[in-house]
Amino acid sequence: MNIIIYDFGTSSVKTCLFKIDSNINLVVRSRATYNLYTTKNGGVEQDTKEWWDAICSSTKKLFKNSNVKPEEINGLAFCSQMQGTVLVDKEGNAVRPPMNYLDQKGVKEYNECMRKGIIKVSGCNLFKLLRNLRVNYAASVSAKDPVWKYKWVENNEPDAFKKVYKWLDIGDYLVLRCTGKMVRTADTAFATFLYDTRKGREGWNKSLLKMYKVKPEHMPEIIQCHELVGGLTNKAANDLGLVEGTPVYGGGGDTTFVNIGAGCTRPGDTHICIGTSGWVSTYMDHQTADINSMITGVMSAKQGYFNYYAELETAGKCIEWALNNIVLDKLDLYSNTTKVTDMDDNASLFDFFTAQAAKSVPGANGIIFTPWLHGNRCPFEDSKAGGMFFNIDIKNDKRDMLRAVLEGICYHLRWLLECEMKKTKTSDTIRLVGGGSLSSLIGQMLADITGRTIETVENSRIAGAVGAAIAVAAGIKQEDMLKLSRQLVKVNYTYYPNLKNKEIYEKNYKVFRKLYKSNATNFHKIN
């Protein structure tokens, strides 16, 4: 069967055509970009027209570069960035620009709701926290969470809010554009933290909607990720260059499908992703939470299973920043190379980056980098935290700084892994996916820093898209997606810890762990 998956990221869509039989093969892939628009009040917004144009152009490119015909497509789905907010009217039009997951305009709304109260835990009202935790082991304890985006529009743009018919996440909005149907998949519904995960009670929780003063009529019907939503409308089919009626499946969020695409489908299986953001995730058949470390079990693509998920806001984004500001000459003295915006278009520069970083030594000759370029979420929530190079010496050079960036990302991921171990058993062998998995230096570095065996898999850069394709195939075939994943996902590289590097990494890691606490007050004074 032939399946199209839209791997819809923060700044680009990777449109993938998969052929699935006894194996899963990427036939062809195309890519298109769109913009992020930042505002002075903490806003990070996007444009629905740019989204749709990118999807349409990238879909048409698939058929120019393959022998597959549009009528041979058996299904499509979206694997999308999560925790965005798209508010639509009855006709399905966005009433205002969509807000990306990084948007934190709702700081005031968050503070007024969650920071008030006599008894607090982690700075949040204990009563509200407990009500949320009882329902779904999670809570809206970050100003970046979707409910505060929704409330910000209600409080600051009343004319737009009056037009709202349904509240969607980004992938759900794109399904709407394809089918005309307004639904949410269970995983994106959970990401609002207004969803009840208790067995037999799954769905929107009326008590939480009332507590946060969210209108129940704004909440769409909920479906499962592998379910059929409907067929492509005539207009969508014409725009995309596909056939009217082509089946569109629920799909879901990027974090939802990565474990499926990584082959981590047994309870206790752990994977690490180094993409634009980064995370550590352990697959579980039950739910738990660590409110102190800001970790919870988010919904899996399969009902009844959860990904115990700890996030680093900027992982690959740190590499992109270092490419633009350390590797390239930002002052235009020597280089005319344009700004790096996505590693897909700059694979040779990424290879150059890692090759130069490899010329430094483990420990980066004493430099430690903190990868908090847009604040941080886990294991501490602080939008004021910043990145820094600690302990630069006159002997250091750019290669040390580049290596420090990679090591800093890995140190933070180890920190997340150790936090997860407080609540669950993580696997001895960890799967590495995302763009970082393409680098043997990063694979070995992660093995050395965590002390774990690290494996990568085929198509690891697009593990989310692979997982979504497997979910769609499972929906078409009426098979178990977890079993299908284990059949189709194959390991291609393995990295074992090099004990020679243990001492230096242990020393630097201990310092890394102390850098936030030592500088938290200063971050808040400056930022």
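Provided above is the structure to which this section pertains.
To start, this report covers the structure provided alongside it. Nothing here was measured: the structure is a model prediction, and the numbers come from that model.

## A short note on the overall build of the chain
Move 1: Secondary structure assignment for the chain yields 17 helices and 27 strands.
Move 2: Its C-alpha radius of gyration of 22 Å places the chain within 12% of the 24 Å reference for a compact globule of 527 residues.
Move 3: On the principal axes, the C-alpha backbone points of the chain span a range of 65 × 65 × 50 Å.
Move 4: A burial count over the chain gives 61% of its 527 residues as buried.
Move 5: Taking all contacts inside the chain whose residues are at least 6 apart in sequence as the whole, residues at least 24 apart take part in 72%.

## A short note on the side chain of D7
Move 1: Mapped onto the elements of the fold, D7 is located in strand β1 (residues 2-8).
Move 2: K14 provides the closest opposite charge to the buried, salt-bridge-free D7, at an N-O distance of 5.5 Å.
Move 3: Aside from chain neighbours lying at most four places away, what touches D7 is S12, V13, K14, C79, I462 and A465.

## Some points on the packing of helix α2 (residues 107-114) against helix α4 (residues 146-156)
Move 1: One can describe the packing of α2 onto α4 by two numbers: an axis separation of 8 Å at closest approach and a directional angle of 105 degrees. Compared by their axis directions, α2 and α4 come out roughly perpendicular. Along its contact with α2, which presents E109, Y110, C113 and M114, the element α4 presents W148, K151, W152, N155 and N156.
Move 2: Of the residues belonging to the contact of α2 with α4, the class tally is five nonpolar, two polar and two charged.

## As for the nonpolar core
Move 1: I5, F18, L194, Y212, V214, W372 and I409 are the most contacted members of the largest nonpolar core, which totals 134 residues.
Move 2: With twelve residues, helix α13 (residues 398-420) is the single largest residue contributor to this core.
Move 3: Beyond its immediate chain neighbours, meaning those up to four positions away, L194 contacts N136, W167, A189, G203, W204, N205, L208, L209, Y212, V214 and M219.

## Quick notes on the packing of aromatic side chains
For any pair of aromatic rings, geometry is given as the distance between the ring centres together with the angle between the planes.
Move 1: A complete count under the given rule lists 24 aromatic pairs for this structure.
Move 2: With a centroid separation of 6.4 Å and 35 degrees between ring planes, the pair formed by W321 and F389 is classed as tilted. Within this pair, whereas W321 is found in helix α11 (residues 316-327), its partner F389 is found in strand β24 (residues 388-390), the two being separated by 68 residues in sequence.
Move 3: For W321, a relative accessible area of 34% corresponds to the partly exposed category.
Move 4: Judged by centre distance (6.3 Å) and plane angle (75 degrees), the ring pair of Y411 and Y505 falls under edge-to-face. Of this pair, Y411 sits in helix α13 while Y505 sits in helix α17 (residues 502-526), and the two are 94 residues apart along the sequence. The same class applies to Y411 as to Y505, namely buried.

## A word on helix α3 (residues 126-136)
Move 1: Every buried residue of α3 is accounted for by K128, L129, N132, V135 and N136. Viewed end-on, α3 has its buried residues packed into an arc of 135 degrees, placing them on one side of the element. Those residues of α3 that are exposed and aimed more than 90 degrees away from the buried face are F127 and R134.
Move 2: Just past α3, the residue Y137 takes up positive phi, approximately 60 degrees.

## Here's the deal with the side chain of N501
Move 1: Tracing the chain through its elements places N501 in the loop between β27 (491-495) and α17.
Move 2: Judged by its relative accessible area of 14%, N501 falls in the buried class.
Move 3: Setting aside residues no more than four positions away along its own chain, N501 makes contact with P362 and D448.

## A few points about the environment of G117
Move 1: Considering the arrangement of structural elements, one finds G117 in the loop between α2 and β8 (120-121).
Move 2: In this structure the C-alpha to C-alpha distance between G117 and T33, which are 84 residues apart in sequence, comes to 44 Å.

## Observations concerning the sheet that holds strand β18 (residues 270-274)
Move 1: The mixed open sheet is built from eight strands, whose spatial order is β20-β21-β22-β19-β18-β25-β26-β27. Each end of this open sheet is capped by a strand with a single partner; those strands are β20 (289-290) and β27.
Move 2: Sheet analysis places β18 next to strand β19 (residues 278-284), joined by five bridges and oriented antiparallel. Bridging from a neighbouring strand, H271 pairs with S281 of β19.

## Comments concerning the packing of α11 against α13
Move 1: Orientation of α11 relative to α13, taken along the N-to-C sense of each, is 170 degrees, at an axis distance of 10 Å. Here α13 runs roughly antiparallel to α11, going by the angle between their axes. Where α11 approaches α13, its residues C318, I319, A322, I326 and V327 are matched on the opposing element by K398, M401, L402, V405, L406 and I409.
Move 2: The class makeup of the residues in the contact of α11 with α13 is ten nonpolar, no polar and one charged.

## Observations concerning unusual backbone geometry
Move 1: Residue P379 is reached from C378 by a cis peptide bond, and omega for that bond is 0 degrees.
Move 2: Positionally, P379 belongs in the loop between β23 (368-370) and β24.
Move 3: The backbone of N391 shows a phi angle near 75 degrees, a positive value even though the residue is not glycine.
Move 4: Structurally, N391 can be placed in the loop between β24 and α13.
Move 5: The class of N391 is partly exposed, set by a relative accessible area of 46%.

## Some details on the pairing of β19
Move 1: Of all the seven residues making up β19, seven are buried; the element is thus mostly covered by neighbouring parts of the structure.
Move 2: A loop of three residues connects β18 with β19, the two strands running antiparallel in sequence.
Move 3: Here β19 runs beside strand β22 (residues 306-312); their pairing, made up of seven bridges, is antiparallel. Bridge pairing in β22 links G278 to L312.

Calculation criteria
- Residues numbered from 1 in each chain as written.
- Predicted model: local features only at pLDDT ≥ 70, side-chain atom pairs only at ≥ 80, totals over all residues.
- Heavy atoms only, no water.
- Helix = DSSP H or I, 4+ residues; strand = E, 2+ residues; numbered from the N terminus.
- Rg over C-alpha atoms; globule rule 2.2 N^0.38 Å.
- Buried < 20%, exposed > 50% of the residue type's maximum accessible area, 1.4 Å probe, protein only.
- Contact = heavy atoms within 4.5 Å.
- Lys, Arg positive; Asp, Glu negative; His and termini not counted.
- Salt bridge = Lys/Arg side-chain N within 4 Å of Asp/Glu carboxyl O.
- Axes fitted to C-alpha atoms, helices over the stretch in contact; angles between N-to-C directions.
- Parallel < 35°, antiparallel > 145°, perpendicular 65-115°, else oblique.
- Nonpolar A, V, L, I, M, F, W, Y, C, P; charged D, E, K, R; others polar.
- Core = buried A, V, L, I, M, F, W, Y, C linked by side-chain atoms within 4.5 Å.
- Phe/Tyr/Trp six-rings, centres within 6.5 Å; stacked < 30°, edge-to-face > 60°.
- Arc of directions from axis to C-beta.
- Pairing = 2+ DSSP bridges.

So far we have only geometry, and geometry alone does not tell us how the molecule works.
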